[in-house]
Amino acid sequence: MERRAKLYEGKAKILYETDDADLLIQYFKDDATAFNAAKRGTIVGKGVMNNRIAATLFAHVAEHGVPTHFVKVLSEREMLVKRLQIIRIEVVVRNIVAGSLAKRLGLPEGQDLAEPVLEFFYKDDALGDPLINDSHIRMLNLASGPEMEAIVDGAFRVNELLKEYFDRRGILLVDFKLEFGRHKGQILLGDEITPDGCRLWDKVTREKMDKDRFRRDLGRVEEAYAEVLRRVCG
Ligand code: TMP
């Protein structure tokens, strides 16, 4: 697969065109940002680790009936993916209170949720990705009714699959963010599933094993990603 022009460069990944109009190369960088890029840094080796973690998790959910953009791993930092028309919604699923949910509703971090909580954020850096609801999604024409059904079903299904997958590896899936897109009339899971966009806590110690170590200056960031890689792919 030949790498052609750069299509888009984000905070943690680059998308390149290929010689096939339906396929893109997704390249994982070591760059890390937080708080809408107000904080910037490098997590050494993150791109290599995230490429492997995402490939494994995409393959797992696809095997269990959730279609994704992932095609195959091409190199240490590159995966081949289907070209998506990305839907500008960040879909967050939560099993335990943390992060912005704790702040917004004044709840203690770490409280178990009786059932998963689903949230939507409008993917717009200039606005700081505000929380939105179904009514806003219709108003902004971000996705159709049937598309939202596929997205909501997919998000809950991914949660069930990954909660169990991580649990077997001694990790609590606290919350995570997904992005979906359109490909040939189908809704596919896109973007990435990595410790950049998930909160992962050790099941026994509840130690943070994800990007919150970078966001909150907790140290041992690379070690945490390496441990997730070891448990997920090991
Ligand atoms: P939040 O608690 O800050 O809203 O984050 C919820 C989840 O979404 C958490 O697992 C981290 C992930 N996330 C991203 O992937 N990108 C983002 O820009 C933000 C704010 C959160």
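Conventions we followed
- The written sequence of each chain sets the order in which its residues are numbered from 1.
- The model is predicted, so local features are restricted to residues of pLDDT at least 70 and side-chain atom pairs to those at 80 or more, both for listing and for counting; the totals for chains, interfaces and linings are taken over all residues.
- Each side-chain value is derived from all of the structure's non-hydrogen atoms; neither hydrogens nor water enter the calculation.
- To qualify as a helix, a DSSP run of H or I must reach at least 4 residues; to qualify as a strand, a run of E must reach at least 2; elements of each kind are numbered from the N terminus.
- Only C-alpha atoms enter the radius of gyration; for comparison, a globular chain is expected to reach 2.2 Å times N to the power 0.38, where N is the number of residues.
- When accessible area is computed with a 1.4 Å probe and restricted to protein chains, residues below 20% of their type maximum are described as buried, those above 50% as exposed, and intermediate ones as partly exposed.
- Any two residues whose heavy atoms approach within 4.5 Å at even a single point are treated as in contact.
- Here the open area of atoms and residues is found with the Shrake-Rupley method and a 1.4 Å probe, where only the protein chains shown may cover a residue.
- Working definition: rings of Phe, Tyr and Trp (its six-membered ring) pair if their centres are within 6.5 Å, and the pair is stacked with planes under 30 degrees apart, edge-to-face with planes over 60 apart, and tilted otherwise.
- As a reminder, the over-ring test applies to NZ of lysine and CZ of arginine, requiring each to be within 6 Å of the ring centre and within 35 degrees of the ring normal.
- Only a single heavy atom is needed: when it lies within 4 Å of a molecule or strand, its residue is near that molecule or strand.
- Here a polar contact is recorded for every N or O atom pair within 3.5 Å, except that within protein the pair must consist of a potential hydrogen donor and a potential acceptor, and residues adjacent in sequence are included only if both atoms are side-chain atoms.
- A pair of strands is treated as paired once DSSP finds two or more bridges between them.
- The convention used is that axes are lines fitted to C-alpha atoms, helices contributing only their stretch in contact, and that angles between N-to-C directions extend from 0 to 180 degrees.
- By definition here, a salt bridge exists when the distance from a side-chain nitrogen of Lys or Arg to a carboxyl oxygen of Asp or Glu is within 4 Å.
- Angles below 35 degrees are treated as roughly parallel, those above 145 as roughly antiparallel, those between 65 and 115 as roughly perpendicular, and all remaining angles as oblique.
- Less than a right angle of anticlockwise turn of the near helix away from the far helix marks a crossing as left-handed, whereas a clockwise turn marks it as right-handed.
- Here the term charged refers only to Asp, Glu, Lys and Arg, the term nonpolar to Ala, Val, Leu, Ile, Met, Phe, Trp, Tyr, Cys and Pro, and the term polar to all other amino acids, Gly among them.

S.K.: Please explain the overall build of the protein as it appears in this structure.
M.R.: Helices and strands together make up the secondary structure of the protein, namely 6 helices and 15 strands. Whereas a compact globule of 234 residues would reach a radius of gyration of roughly 17 Å, the protein reaches 17 Å, a difference of no more than 12%. Along the three orthogonal principal directions, the C-alpha set of the protein runs to about 50 × 40 × 35 Å. The buried share among the 234 residues of the protein stands at 50%. Across the protein, the fraction of contacts at a sequence separation of at least 24, relative to all contacts at a separation of at least 6, is 57%. Summing over all exposed atoms, the protein offers an accessible surface of approximately 11,200 Å²; the carbon and sulfur share of this is 50%.

S.K.: Is there a simple way to think about the packing of aromatic side chains in this case?
M.R.: For any pair of aromatic rings, the description rests on two quantities: the centre-to-centre distance and the angle between the ring planes. Across all of its chains, the model carries 2 aromatic pairs by this definition. Taking the centre distance of 6.2 Å and the plane angle of 15 degrees together, the rings of F58 and F70 count as stacked. Taken together, the positions of F58 in helix α1 (residues 46-63) and F70 in strand β6 (residues 70-73) put the pair 12 residues apart, joining distant regions of the chain. Residue classification places F70 among the buried residues on the basis of a relative accessible area of 18%. With a centroid separation of 6.3 Å and 90 degrees between ring planes, the pair formed by Y165 and F166 is classed as edge-to-face. There is no split in this pair, since Y165 and F166 are both buried. Directly above the ring of Y16 sits R3, whose terminal nitrogen or CZ lies 3.9 Å from the centroid.

S.K.: What exactly am I supposed to notice about the site of the ligand here?
M.R.: If you check the shell around the ligand, you find 13 residues, and the closest are R94, S100, D175, K177 and R199. Side-chain polar atom of D175 to an oxygen atom of the ligand: 2.5 Å apart, as the coordinates give it. Taking G197, its main chain carries an N or O atom lying 3.5 Å from an oxygen atom of the ligand. For the ligand, the accessible surface in isolation is 450 Å², of which the surrounding protein chains cover 76%. Broken down by secondary-structure element, the contributors of at least two residues to the shell around the ligand are β9 (89-96), α2 (99-105), β12 (171-178) and β15 (198-202).

S.K.: Got a minute to help me understand the sheet that holds strand β2 (residues 13-18) in this structure?
M.R.: One key point about sheets: their strands pair by backbone hydrogen bonds, in either a parallel or an antiparallel sense. In space, the 5 strands of this open sheet follow the order β1-β2-β3-β7-β6, with antiparallel pairing throughout. Taken across any chain shown, the strands that pair with only one partner, and hence form the sheet edges, are β1 (3-9) and β6. When the angles between neighbouring strand axes are averaged without regard to direction, this sheet yields 30 degrees. Looking at chain direction, β1 and β2 are connected through 4 bridges and run antiparallel. Note on β2: the bridge partner recorded for E9 is I14.

S.K.: Could you clarify how one ought to interpret the pattern of salt bridges in this entry?
M.R.: Think of it this way: side chains of opposite charge can pair up when their charged atoms draw near. Enumeration according to the criterion identifies 33 salt bridges in this entry. For E2, the salt bridge goes to R4, with nearest N and O atoms at 3.5 Å. For E2, a relative accessible area of 44% puts it in the partly exposed group. When salt bridges with common partners are traced through the structure, they connect R94, R104, E109, E119, D175, R199, D212, R215 and R216 into a single cluster.

S.K.: Please explain the packing of α1 against helix α4 (residues 145-167) as it appears in this structure.
M.R.: Geometry of a packed helix pair, given as the angle between the helix axes and the separation of the axes. Remark: α1 packs on α4, axes separated minimally by 10 Å, with the N-to-C direction vectors making an angle of 120 degrees. On the basis of the axis angle, α1 is oblique to α4. By crossing handedness, the relation of α1 to α4 is classed as right-handed. Only V158, L161, L162, Y165 and F166 of α4 make contact with α1, whose side of the interface consists of T56, L57, H60 and V61. A class-by-class count of the residues in the contact of α1 with α4 yields 7 nonpolar, 2 polar and no charged.

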